[in-house]
Amino acid sequence: MKHVKLLIIVFLALSFYLFKVDAQDIYQVASPDETVVLTVSTGDSLYVSLSVDGVSYARTTVGLDVRGFGAVGNAANVLSEERSHVEGEIKVIEGENPSVYENYNQMVLDMGDFSLICRAYDEGIAWRMVTRLDDDELIVNNELIDFTFSGNPVVWFSEAPPAMNQWELSYVRYESVDAIPAGKFSVNPMMIKYEDTGLGLTIIESDIDDFPGMFLESTGDGHLKGKYAQYPKTINNSSIYDDQRVLSRYDYIARTTGHREYPWRGIIVSRADVELLNNDLVYKLADEQKLTDTSWIKGGKTGFDWLVDGVLEGVDIPNGPENPRSLELYEYWVDFCAENGFEYMCCDAGWDESYIAELCQYAAQRNVKIFVWDFYNMMLNDEARLDRFKKYGIAGVKVDFIARDDQVAINWLARMAELTAKRQLLLLMHGCPKPTGLHRTYPNIISYEAVHGLENNKWDRTCNPTYMVEWPFLRMLGGAADATPGMLSNCTYRRFSIKPTGRPDCTGTRANGMAMYVVFHQTLGFVSDSPTEYDKVPDLMEWLRHVPTVWDETLPIAGEMSEYIVMARRKGEEWYVGAMNKMDNAHSQYSRDITIDFSFLAPGVTYEAYIIKDTEYSNRDATLYEIEKTELTAESVVDYWLANGGGVAMRLYPKGSDAVESVESNARHGITISYDASQEVLAVDSSHDIYATYIIDVLGRTYQSATTFPARRFNLPIGHLERGIYWLVAETKHNRISSQFIK
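Residues numbered from 1 in each chain as written. Predicted model: local features only at pLDDT ≥ 70, side-chain atom pairs only at ≥ 80, totals over all residues. Heavy atoms only, no water.

As for the overall build of the protein
Here is step 1: Looking only at helices and strands, the protein features 12 helices and 49 strands.
Here is step 2: A compact globule built from 743 residues should have a C-alpha radius of gyration of about 27 Å, and the protein, at 28 Å, falls within 12% of that.
Here is step 3: Along the longest, intermediate and shortest principal axes, the C-alpha atoms of the protein span 95 × 60 × 45 Å.
Here is step 4: Taken over 743 residues, the protein has a buried fraction of 62%.
Here is step 5: The contacts in the protein between residues at least 6 apart in sequence include a share of 69% that link residues at least 24 apart.
Here is step 6: Taken together, the 68 basic and 107 acidic charged side chains of the protein have centroids lying 2 Å from each other. (Helix = DSSP H or I, 4+ residues; strand = E, 2+ residues; numbered from the N terminus. Rg over C-alpha atoms; globule rule 2.2 N^0.38 Å. Buried < 20%, exposed > 50% of the residue type's maximum accessible area, 1.4 Å probe, protein only. Contact = heavy atoms within 4.5 Å. Lys, Arg positive; Asp, Glu negative; His and termini not counted. Charge placed at Lys NZ, Arg CZ, Asp CG, Glu CD.)

Given below as structure tokens:
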């Protein structure tokens, strides 16, 4: 890598007219493929700029306003420089890929009181300051970040509230940076996009330690300046149960030491939006893993009672929003998880410590682990509480209501990760700031919220199919998302109504909802509706039983911000594909045609495909879907129709690999089914009277049985059925129960 030192006349010739600076020294580092260049300019101010393919696009000031030291970064002189190249694999614990490949060139500029570490990747640039100020404790008034951009790019802006206490935010598209009203500020990642070429510049941060998170504030004239929550002065904490809301703040952003590293700032470069769906730059920049034993960290799917307020239709157990969460109710939910091979059950707000040990034991006997919801402040003020959780057999804690990212709150995140990891407890951060790579350092952090999940359907319309094809491009850059998919109360935009209690409505089709399990990165995959609702759709449960949450390969196929996404992921020899379409609220009959090229499949292998897709009537009734079972190969190229807010979801497995004789019992309802292959009969044993049975195949065709009812123990001949996947549906006095079997 060559050091380039030029006069300002030459620099201006290579840059664009917006960047007017005094005479400077110029230092550059280029990406391994030499298409992305980071330039450092020293002089009265310190600048970092980005060029792509020889064209300059972005520039920002770099520095810190430190009390007693002034602007650290201004009038700096480079004393020495050091260059290096790094290439290798970073192991990922339970993620979208088993590892990520990193390849970058690094330049370290020593400027006396501080150094600037600069990296150039093929997919972007990053920089961070490292200070060596002679002071054990100092005050950082502000960080000097001021972005400007060439040309007239659009901006995808996620406006934050004045209190800086929320990260579940919608996206607004502005036609240009200077179109953003002065004073409005956004969380990042924030995408700047040149729509004529498709080039995207996405501002990120990573490895935030003992420093507040960064927002970006518009000045109204084309500048985006760094904005930070100031250091808290007084907070609402008269008791352990208070919300720790900040009541007043100091006029500075951090108290820290003179010798330290500051967070990474960076810009991801994408040639098309789809590249953002599998970008790991935030993860690569994060601090290295601190845990030596990670064998206990496992992803998986989980049942979830909160979103539906514990509703169990037709079940003779006190349930619903008017009843407390009981041991009996949670045992029912655990049985549902066990029957479907779900690894976890998440007991949300309302669980009780009086029975949790018994529930954990009950669940363990069925190979299910228990997550519990908790107010984040509890573990920070009462570590013994976590010891009790571990003793009870709890596997993970979902902490909530953090709602801050000032310096104090940022330190809470690492502290909670450390406390739970010490006890081998998984950690799900809900009501939290945006993720910035802490799960690399502490991989027991299994997921974060910072997204409009389906819970928002209880109070607003923000969690809609269009939003669902926006946030995966940006929010997912930070890590796995707690988006709580799986609701079956699907409806069109016009039929949606807000229901604060019970089962909320969910806009978008059922095929769209099933595709979320592939499109979204969710190491802990929530199956969020009621077990009694899933009993009604055995063909969708066939999908939910199989779809993984941890992957061996992730392959985005197509997509455009706020329009649609097509994603493929592999687990072992099986591939899963999900496609999601936006929702056009003004045109109910809007739809989209997509073409999927299956050349990513293994050559020479025939795959059986189990496909959930929209029907021609899904634009009228979003609950309608159809199951297609077909064969596909690497040579297949297939067109699919996506309804308004629609989708398609598919599982592809090598032909013959799933052709095993098996049956699943439904112990939750006291029914056991066994398959006698020699006699070709199903033996049914029930603890309740059964009044009718029938069999459904994957195409929805029904096969009636001739047994005399009511009955509790009987055989059903199935010799007339072809080999395949079926569901036996049995009707008792109060329930309709389904169990899958494979002939």
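Concerning a negative patch on the surface
Here is step 1: Taken together, the side chains of D113, D134, D135, D136 and E137 define an acidic patch exposed on the protein surface.
Here is step 2: Inspection of the secondary structure assignment puts D136 in the loop between strand 10 (124-132) and strand 11 (138-143). (Patch = residues over 30% accessible without salt bridge, like charges linked within 9 Å, V, L, I, M, F, W, Y side chains within 5 Å. Areas by Shrake-Rupley, 256 points an atom, 1.4 Å probe, with all protein chains shown as cover. Salt bridge = Lys/Arg side-chain N within 4 Å of Asp/Glu carboxyl O.)

Structural notes on the sheet that holds strand 43 (residues 671-676)
Paired through backbone hydrogen bonds, the strands of a sheet run either parallel or antiparallel to each other.
Here is step 1: Reading across from one edge, 43-44-47 is the order of the three strands in this open sheet, with antiparallel pairing throughout. In this open sheet, the two strands that pair with only one neighbour each are strand 43 and strand 47 (711-717). For this sheet, the mean angle separating the axes of adjacent strands, direction not counted, is 15°. (Pairing = 2+ DSSP bridges. Axes fitted to C-alpha atoms, helices over the stretch in contact; angles between N-to-C directions.)

Notes on the packing of aromatic side chains
Here is step 1: Evaluation of the coordinates by the stated rule reveals 29 aromatic pairs.
Here is step 2: Between W167 and F215, the ring centres sit 6.2 Å apart and the planes meet at 35°, which makes this aromatic pair tilted. Here W167 is found in the loop between strand 13 (154-157) and strand 14 (172-174), whereas its partner F215 is found in strand 18 (residues 215-218), with 48 residues between them in sequence.
Here is step 3: Using a relative accessible area of 1% as the deciding quantity, one classes F215 as buried. (Phe/Tyr/Trp six-rings, centres within 6.5 Å; stacked < 30°, edge-to-face > 60°.)

Notes on the pattern of salt bridges
When charged atoms on two side chains of opposite charge get close, those side chains can pair.
Here is step 1: Scanning the entire structure with this criterion turns up 45 salt bridges.
Here is step 2: Among the salt bridges present, the one from R128 reaches E261, with a minimum N-O distance of 3.6 Å. One end of the pair, R128, is in strand 10; the other, E261, is in strand 23 (residues 259-261), with 133 residues separating them in the sequence.
Here is step 3: The exposure class of R128 is buried, given its relative accessible area of 6%.
Here is step 4: Residues joined in a network through salt bridges with shared partners are E143, E205, R265, D405 and K434.

Focus on helix 12 (residues 538-546)
Here is step 1: Burial within helix 12 is extensive, with eight of its nine residues counted as buried.
Here is step 2: Within helix 12 the residues assigned to the buried category are P538, D539, L540, M541, E542, W543, L544 and R545.

Describing the packing of helix 10 (residues 510-519) against helix 12
When two helices pack together, their arrangement is given by the angle between the helix axes and by the axis-to-axis distance.
Here is step 1: Closest axis-to-axis distance for the helix 10/helix 12 pair is 10 Å, and the angle between their directions is 10°. The angle between the axes of helix 10 and helix 12 places the two elements in the roughly parallel class. Residue-level contacts link R510, M514, Y517 and V518 of helix 10 to L540, W543 and L544 of helix 12.
Here is step 2: The residue makeup of the contact of helix 10 with helix 12, split by class, is six nonpolar, no polar and one charged. (Parallel < 35°, antiparallel > 145°, perpendicular 65-115°, else oblique. Nonpolar A, V, L, I, M, F, W, Y, C, P; charged D, E, K, R; others polar.)

What about the pairing of strand 48 (residues 725-731)?
Side-chain positions along a regular strand alternate between the two faces of the sheet.
Here is step 1: Across the seven residues of strand 48, six count as buried, placing the element largely inside the fold.
Here is step 2: Pairing geometry for strand 45 (residues 692-697) and strand 48, over six bridges, is antiparallel. Considered in strand 48, the bridge of D697 is made with Y726.
Here is step 3: Direction of pairing for strand 48 relative to strand 49 (residues 736-742): antiparallel, over a ladder of seven bridges. What sits directly across from V729, in strand 49, is S738.

Let's talk about the state of the cysteines
Here is step 1: A full pass over the atoms with the stated rule returns zero disulfides.
Here is step 2: Lacking any disulfide linkage, C346 is separated from the closest cysteine sulfur, that of C347, by 6.9 Å.
Here is step 3: This cysteine, C506, is not joined by any disulfide, and C463 carries the nearest cysteine sulfur, 6.5 Å off. (Disulfide = S-S within 2.5 Å.)

Structural notes on helix 4 (residues 356-364)
Here is step 1: Taken together, the buried positions of helix 4 are I356, L359, C360, Y362 and A363. The arc that holds every buried residue of helix 4, seen down its axis, measures 160°, which confines them to one face. The exposed residues of helix 4 that point more than 90 degrees off its buried face are Q361 and A364.
Here is step 2: The inward-facing, buried residues of helix 4 abut helix 3 (327-339), strand 26 (344-347), strand 27 (369-375) and helix 6 (383-392). (Arc of directions from axis to C-beta.)

Describing the sheet that holds strand 33 (residues 524-527)
Here is step 1: If you trace the seven strands from one edge of the open sheet to the other, you get 30-29-28-27-26-25-33, paired in parallel fashion. With partners counted over all chains shown, the strands left at the sheet margins are strand 30 (445-448) and strand 33, one partner each. Strand-to-strand, the axes of this sheet are offset by a mean angle of 25°, without reference to chain direction.
Here is step 2: Of the pairings in the sheet, the one linking strand 25 (residues 300-304) to strand 33 comprises four bridges and is parallel in character. Counted as the bridge partner of T302 is F526 from strand 33.
Here is step 3: The strands that helix 3 touches are strand 25, strand 26 and strand 27; relative to strand 26, the one it contacts most, it runs at about 150°.

So, the packing of helix 3 against helix 4
Here is step 1: Relative orientation of the contacting elements helix 3 and helix 4 amounts to 20°, with a least axis distance of 10 Å. Comparing the axis directions of helix 3 and helix 4 gives the class roughly parallel. Classified by chirality, the crossing of helix 4 by helix 3 is right-handed. Where helix 3 abuts helix 4, its residues L327, Y330, E331, V334 and D335 lie against E358, L359, Y362 and A363.
Here is step 2: A breakdown of the residues in the contact of helix 3 with helix 4 according to their chemical character gives six nonpolar, no polar and three charged. (Left-handed = near helix turned anticlockwise from the far one by under 90°.)

Here we look at unusual backbone geometry
Here is step 1: Look at the link from N188 to P189: it is a cis peptide, with omega at 10°.
Here is step 2: By the element assignment, P189 lies in the loop between strand 15 (185-187) and strand 16 (190-194).
Here is step 3: Unusually for a residue other than glycine, D207 sits at a positive phi of about 55°.
Here is step 4: Inspection of the secondary structure assignment puts D207 in the loop between strand 17 (199-206) and strand 18.
Here is step 5: Exposure remark for D207: the relative accessible area of 14% places this residue in the buried category.
Here is step 6: You will see that T484, though not glycine, has its phi angle at about 50°, which is positive.
Here is step 7: Looking at the element boundaries, T484 is found in the loop between helix 9 (471-474) and strand 31 (490-491).
Here is step 8: Classification of T484 as buried rests on a relative accessible area of 4%.

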